[in-house]
Amino acid sequence: MYVVTGATGQLGRLVVEGLLAQVPASEVAVAVRSAEKAADLAARGVAVRVVDYDRPETLAGAFAEGDRVLLISGSEVGRRIPQHRAVVEAAKAAGVALLTYTSAPGAATFRLADEHRATEELILSSGLTYAFLRNGWYTENYLGDAAGTVARGTVLGSAGEGRIATAPRRDYAAAAVAVLVGEGHGNTVYELSGDAAWSLPELAAELAKASGKPVGHRDVTPAEHLDALVGAGLPQGFAEALVDVDAGIARGELAGTPGDLARLIGRPTVPLAESVREALNA
């Protein structure tokens, strides 16, 4: 059985769709907090297992011996270590064949990567056969409000000329599927990123080219960046984390292009220009 946690999230749904394109629905299960949100998957024959990371007892029946599991990292920053520990312990108790985890780039030293490193240690200590998918940044992180960015005419950040090797979620999802259904991925680490790294000034140029409207880049200090994010309505803690990531980008921590992602999915990753056009035409 192939089991996907967090399967109703944006990445999780793409992974499940990728699995269903390759294996029968009877071989796919999802571990989710809300059965209602997975009702469409259940209707297609996917087994739905309701779990709560904060209640480890609910994980007792989530996995079975021989399952291949994808642990998609939780979204609750600051709470992920105990939540992930509960999943790892349940997977070990069940005797799963492979535990795949969506981690962070090995070069990342910004705070958001801390819980990923700790989770990798938990998995290594468990003795389970593992695969670490050290996902780089999603292109969607910068294009969720592409039209709004064009309307404002400014790409704002504090990363300077730092470069970011992004790929869209669908590429990372395809890599997860390849590892889950493929062979020879046990006890491996993949550094996943887009084929080409780009800077925020280059993002502004692509948005301008695709929209036909003027879009510039404004580099600000970390303090100014934080004020802008909080002023836009982001919670203080999340805004601080994003500013911290920009500092990591300025240090080159998201610029690596080792090619692991393209090799896993068997094709080039989707380039920034294509993602920009898709976002503006959505």
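Refer to the preceding data block for the structure.
**Q** How should the overall build of the protein be read in this particular structure?
**A** Across its full length, the protein carries 12 helices and 11 strands. Scaling as 2.2 N^0.38, a compact globule of 282 residues should have a C-alpha radius of gyration of about 19 Å, and the protein matches this with 19 Å. On the principal axes, the C-alpha backbone points of the protein span a range of 55 × 35 × 35 Å. A burial count over the protein gives 51% of its 282 residues as buried.

**Q** Teacher, can you tell me more about the nonpolar core here?
**A** Side chains of nonpolar character tend, in soluble globular proteins, to be buried together. Of all hydrophobic cores here, the largest spans 35 residues; its most connected members are Val4, Val15, Leu19, Val30, Leu70 and Leu192. Taken together, the elements giving at least two residues each to this core come down to β1 (2-5), α1 (10-20), β2 (28-32), β6 (130-135), α7 (169-181), β9 (188-192) and α11 (260-265). With sequence-adjacent residues up to four places away left out, Leu192 is seen in contact with Leu133, Arg134, Asn135, Gly136, Tyr172, Ala175, Asp260, Leu261 and Leu264. Of all hydrophobic cores here, the second largest spans 25 residues; its members include Phe110, Tyr142, Val155 and Leu207.

**Q** Can you walk me through the side chain of His84 in this structure?
**A** With respect to the helices, strands and loops of the structure, His84 is situated in helix α3 (residues 80-94). A residue is classified by how much of its surface remains accessible, and His84, at 0% relative accessible area, is buried. A distance of 2.9 Å separates a polar side-chain atom of His84 from the backbone nitrogen of Gly74. Not counting chain neighbours up to four residues away, the residues in contact with His84 comprise Leu71, Ser73, Gly74, Tyr101 and Thr119.

**Q** Help me understand the packing of aromatic side chains, please; the structure alone is not making it clear to me.
**A** With the rule as written, the count across this model stands at four aromatic pairs. For the pair Phe110 and Trp137, a centre-to-centre distance of 5.5 Å together with 70° between the ring planes defines the contact as edge-to-face. Pair noted here: Phe110 is in the loop between β5 (98-103) and α4 (114-126) and Trp137 is in the loop between β6 and α5 (140-143), with a separation of 27 residues, a long-range link. The exposure class assigned to Trp137 is buried, which follows from its relative accessible area of 16%.

**Q** What's the story with the pairing of strand β4 (residues 68-71) in this structure? I'm lost.
**A** Regular strands have side chains that alternate between both faces of the sheet. The alternating pattern of β4 places Arg68 and Leu70 and Val69 and Leu71 on opposite faces, both of which are buried. For β1 and β4, the ladder comprises three bridges, and the chain directions are parallel. When the sheet's bridge partners are listed, Val3 is paired in β4 with Val69. Inspection of the sheet shows β4 paired to β5 by four bridges, in the parallel sense. By the bridge assignment, Leu70 is partnered in β5 with Thr100. In this view, the connection linking β4 to its parallel neighbour β5 by way of α3 has right-handed handedness.

**Q** Sorry, what's going on with the side chain of Ser158 here?
**A** Here Ser158 is to be found in the loop between β7 (154-157) and β8 (163-164). In this structure Ser158 comes out as buried when scored by relative accessible area, which is 11%. Within the structure, the side chain of Ser158 is placed 2.8 Å from the side chain of His225, a separation counted as a polar contact. Setting aside chain neighbours within four positions, we find Ser158 in contact with Asp219, Val220, Thr221, Pro222, His225, Val243 and Asp246.

**Q** Got a minute to help me understand the environment of Val69 in this structure?
**A** Structurally, Val69 is set in strand β4. Ignoring anything within four residues of it in the chain, the contact list for Val69 reads Val3, Thr5, Phe63, Val96, Leu98, Leu99, Thr100 and Leu180.

**Q** Teacher, can you tell me more about the pairing of β6 here?
**A** With respect to burial, β6 is a largely interior element, six of its six residues being buried. Burial along β6 is two-sided: Tyr130, Phe132 and Arg134 facing one way and Ala131, Leu133 and Asn135 facing the other are all buried. Where β5 meets β6, five bridges bridge the pair, whose relative direction is parallel. For Thr100, the partnering residue across the bridge sits in β6 and is Ala131. For the segment spanning β5, α4 and β6, crossover handedness is right-handed.

**Q** Would you mind going over the packing of helix α8 (residues 200-211) against helix α12 (residues 272-281) with me for this structure?
**A** Angle between the axes and distance between the axes are the two parameters that describe a pair of packed helices. At a minimum axis distance of 9 Å, the contact between α8 and α12 shows a crossing angle of 50°. Looking at the two axes, α8 sits oblique to α12. Note on packing geometry: the crossing formed by α8 with α12 is right-handed. Contacts between α8 and α12 involve Leu203, Glu206, Leu207, Ala210 and Ser211 on the former and, on the latter, Leu272, Ala273, Val276, Arg277 and Leu280.

**Q** I'm lost on unusual backbone geometry in this one. Help?
**A** Apart from glycine, the bulk of residues carry a negative phi angle, and the bulk of peptide bonds sit in the trans form. Not every positive phi belongs to a glycine, and Asn187 is a case in point at roughly 55°. Position of Asn187 among the secondary structure elements: in the loop between α7 and β9. Given the relative accessible area of 45%, Asn187 is considered partly exposed.

The rules behind these values
- Residues numbered from 1 in each chain as written.
- Predicted model: local features only at pLDDT ≥ 70, side-chain atom pairs only at ≥ 80, totals over all residues.
- Heavy atoms only, no water.
- Helix = DSSP H or I, 4+ residues; strand = E, 2+ residues; numbered from the N terminus.
- Rg over C-alpha atoms; globule rule 2.2 N^0.38 Å.
- Buried < 20%, exposed > 50% of the residue type's maximum accessible area, 1.4 Å probe, protein only.
- Core = buried A, V, L, I, M, F, W, Y, C linked by side-chain atoms within 4.5 Å.
- Contact = heavy atoms within 4.5 Å.
- Polar contact = N/O pair within 3.5 Å; in protein donor to acceptor, adjacent residues only side chain to side chain.
- Phe/Tyr/Trp six-rings, centres within 6.5 Å; stacked < 30°, edge-to-face > 60°.
- Pairing = 2+ DSSP bridges.
- Right-handed = clockwise from strand over helix to strand, strands pointing away.
- Axes fitted to C-alpha atoms, helices over the stretch in contact; angles between N-to-C directions.
- Parallel < 35°, antiparallel > 145°, perpendicular 65-115°, else oblique.
- Left-handed = near helix turned anticlockwise from the far one by under 90°.

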